[in-house]
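Geometric and topological summary
Chain residues, written in single-letter form:
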Amino acid sequence: MERDLGLTEQQVHTRLANEQRAAATEARLTTQLGDTYAGAWLNADASKLNVATTDKSAAASIEAQGAQPVVVARTLAQLTAVKDQLDRAAAKPRGAASLWYVDVTTNTVAVVAPTQEAGEAFVTRAGVDRSLVQIVVSAESPQPFIDIIGGAAYFIGSGTRCSIGFSITRGSTPGFVTAGHCGRTGARTTQPTGTFQGSSFPGNDYAWVAAPGNTVRPWVRGSGGQNVIVRGSTQASVGASICRSGSTTGWRCGTIRQHNASVTYPQGTVSGLTRTSACAQPGDSGGSFISGSQAQGVTSGGSGNCTSGGTTFHQPVNEILQTYGLTLTVG
């Protein structure tokens with residue numbers, strides 16, 4: 001974090017403490033505001049949590065919990081419904097847009113496309129209200145990070161490599177979660193030896209591997225090979241710092257840009273991803289994303305690189321745990 005976010009050691013400690021408080025505050029206000037909740041995000045240095053609502057009368061209660069109220073026109077549920085409509089349109093002919101997500105900071109749905117015309121065509125085909133959408137023109141072209149080693153290496157079949165995300169158990173069976181594009185259900189792994197028990201890609205990008213005979217540990221490989229302990233899986237706020245572990249580029253940090261983004265890869269669209277500014281490169285798929293001591297997700301794909309900078313997407317770990325009935329290994 002000192003290297004990638006330009007912080008001093010003291011600033012790192014301060015930021016992590018602020019982010020921990022913000023996550024707890026956001027969880028309380030999400031429940032308290034109910035249908036009027038419109039999202040939350042941290043400012044650049046994570047010193048203030050902004051909480052959006054469509055209810056002007058809720059401003060005082062938001063301030064009472066130490067957050068900055070932002071009164072907006074649309075709820076998070078309304079914007080998510082627009083994004084869901086775009087998801088359905090993407091299930092038809094592919095192309096037009098490479099990425100779309102709810103941008104809580106602007107109270108809109110952003111559509112990222114190679115040209116303005118391509119973005120407009122996608123929005124028109126989806127039949128969504130154009131006033132709710134912002135078109136972002138970008139050459140960003142997400143690709144899955146495949147044939148790679150992440151936080152720790154494992155191999156699929158005849159030698160395809162991917163990364164262990166987090167250690168888990170299902171009942172008494174040890175194993176790990178990883179990216180779905182790394183292997184299909186039934187595929188065999190080595191180092192550690194195991195079998196893909198469930199896998200989903202595209203649509204989702206997650207999988208879990210049963211690896212009996214191996215020992216699960218509550219760790220992620222951090223900077224310099226040190227072990228970073230995993231203590232839980234509370235989702236961090238938009239704007240929070242986040243780090244990821246991968247064997248190609250090592251330990252890299254950035255911030256969370258958006259949750260619940262939909263990304264079009266060449267193989268199809270994946271929804272429900274978190275977009276971050278932590279860089280990655282081919283060789284990092286399936287690896288761990290962690291914020292402080294809280295597991296966040298497994299590397300799905302991205303664009304750019306760690307020389308010029310890039311964007312990376314991860315599949316949230318809690319969805320994987322809930323889908324397959326897994327228990328995260330924590331310290």
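In this report, we go over the structure that sits alongside the text. Owing to the predicted nature of the structure, the values given are computational and were not obtained by experimental measurement. (Residues numbered from 1 in each chain as written. Predicted model: local features only at pLDDT ≥ 70, side-chain atom pairs only at ≥ 80, totals over all residues. Heavy atoms only, no water.)

1. Description of the sheet that holds strand β2 (residues 49–53)
Taking strand neighbours across the sheet as the criterion, the three strands line up as β1-β2-β3 in an open arrangement whose pairing is mixed. The open sheet terminates on both sides in strands that have one partner only, identified here as β1 (37–42) and β3 (68–71). Ignoring which end each strand starts from, the neighbouring axes of this sheet average 25° apart. In this structure, β1 lies alongside β2, joined through four bridges in antiparallel fashion. Of the residues in β2, the one forming a bridge with W41 is N50. (Pairing = 2+ DSSP bridges. Helix = DSSP H or I, 4+ residues; strand = E, 2+ residues; numbered from the N terminus. Axes fitted to C-alpha atoms, helices over the stretch in contact; angles between N-to-C directions.)

2. Quick word on helix α4 (residues 76–90)
Look at α4: 21 Å from first C-alpha to last across 15 residues, which is about the 21 Å you get at 1.5 Å a residue. Within the span of α4, buried status applies to L79, V82, K83, L86, D87, A89 and A90. Along the long axis of α4, the arc covered by the buried residues comes to 165°, so they all point the same way. In α4, the exposed positions angled more than 90 degrees off the buried face are occupied by A77 and R88. (Expected span 1.5 Å × (residues − 1). Buried < 20%, exposed > 50% of the residue type's maximum accessible area, 1.4 Å probe, protein only. Arc of directions from axis to C-beta.)

3. Observations regarding the environment of S293
Among the secondary structure elements, S293 is positioned in the loop between β20 (288–291) and β21 (294–305). Sequence separation between S293 and V228 is 65 residues; the distance between their C-alpha atoms is 7.4 Å. Once residues lying within four places of it in the same chain are set aside, the contact partners of S293 are I229, V230, R231 and G232. (Contact = heavy atoms within 4.5 Å.)

4. A look at the side chain of R244
Along the polypeptide, R244 turns up in strand β17 (residues 241–246). Exposure remark for R244: the relative accessible area of 0% places this residue in the buried category. Only 3.0 Å separates the side chain of R244 from the side chain of D284, close enough to count as a polar contact. With residues near it in sequence (within four places) discarded, R244 still touches T249, G250, W251, R252, A278, C279, A280, D284, S288, F289, T299 and T312. (Polar contact = N/O pair within 3.5 Å; in protein donor to acceptor, adjacent residues only side chain to side chain.)

5. Some details on the state of the cysteines
When the sulfur atoms of two cysteines share a covalent bond, that bond is a disulfide. If you walk through the whole model with that rule in mind, you get three disulfides. Disulfide pairing is shown between C162 and C182; the S-S distance is 2.1 Å. Taking the torsion about the S-S bond as the criterion, the C162 to C182 disulfide, at about -85°, is left-handed. Here C162, found in strand β9 (residues 160–163), pairs with C182, found in the loop between β11 (173–178) and β12 (188–190); they are 20 residues apart in sequence, far enough to count as distant. Comparing C162 with C182 shows no difference in burial state: the two are buried. Each sulfur of the disulfide joining C243 and C253 lies 2.0 Å from the other. (Disulfide = S-S within 2.5 Å.)

6. Overview of the pattern of salt bridges
Enumeration over the complete set of coordinates arrives at six salt bridges. Residue D4 is joined to R3 by a salt bridge in which the shortest nitrogen-to-oxygen separation is 2.7 Å. The residue E140 makes a salt bridge to R275 at a minimum N-O spacing of 3.3 Å. Taken together, the residues span a long stretch of sequence, with E140 in the loop between β6 (133–137) and β7 (143–144) and R275 in strand β19 (residues 268–276) at a distance of 135 residues. The exposure class assigned to E140 is buried, which follows from its relative accessible area of 13%. (Salt bridge = Lys/Arg side-chain N within 4 Å of Asp/Glu carboxyl O.)

7. Some words on unusual backbone geometry
Here the residue pair Q191 and P192 is connected by a cis peptide bond, since its omega of 5° sits within 30 degrees of zero. In this fold, P192 is placed in the loop between β12 and β13 (194–200). Omega for the peptide link from F201 to P202 comes to -10°, which places this bond in the cis form. Following the sequence through the fold, P202 ends up in the loop between β13 and β14 (206–210). With a phi angle near 65°, A46 is a residue other than glycine that sits in the positive phi range. Mapped onto the elements, A46 comes out in the loop between β1 and β2. The class of A46 is buried, set by a relative accessible area of 1%.

8. Considering the packing of aromatic side chains
Under the criterion given, the structure shown has five aromatic pairs. Arranged with centres 6.4 Å apart and planes meeting at 50°, the rings of Y154 and F196 form a pair that is tilted. You can see Y154 sitting in strand β8 (residues 153–156) and its partner F196 sitting in strand β13, a full 42 residues away along the chain. For Y154, a relative accessible area of 0% gives the class buried. Given the relative accessible area of 1%, F196 is considered buried. Taken together, the ring pairs connect Y154, F176 and F196 into an aromatic cluster. (Phe/Tyr/Trp six-rings, centres within 6.5 Å; stacked < 30°, edge-to-face > 60°.)

Worth remembering: the numbers are spatial, not functional.
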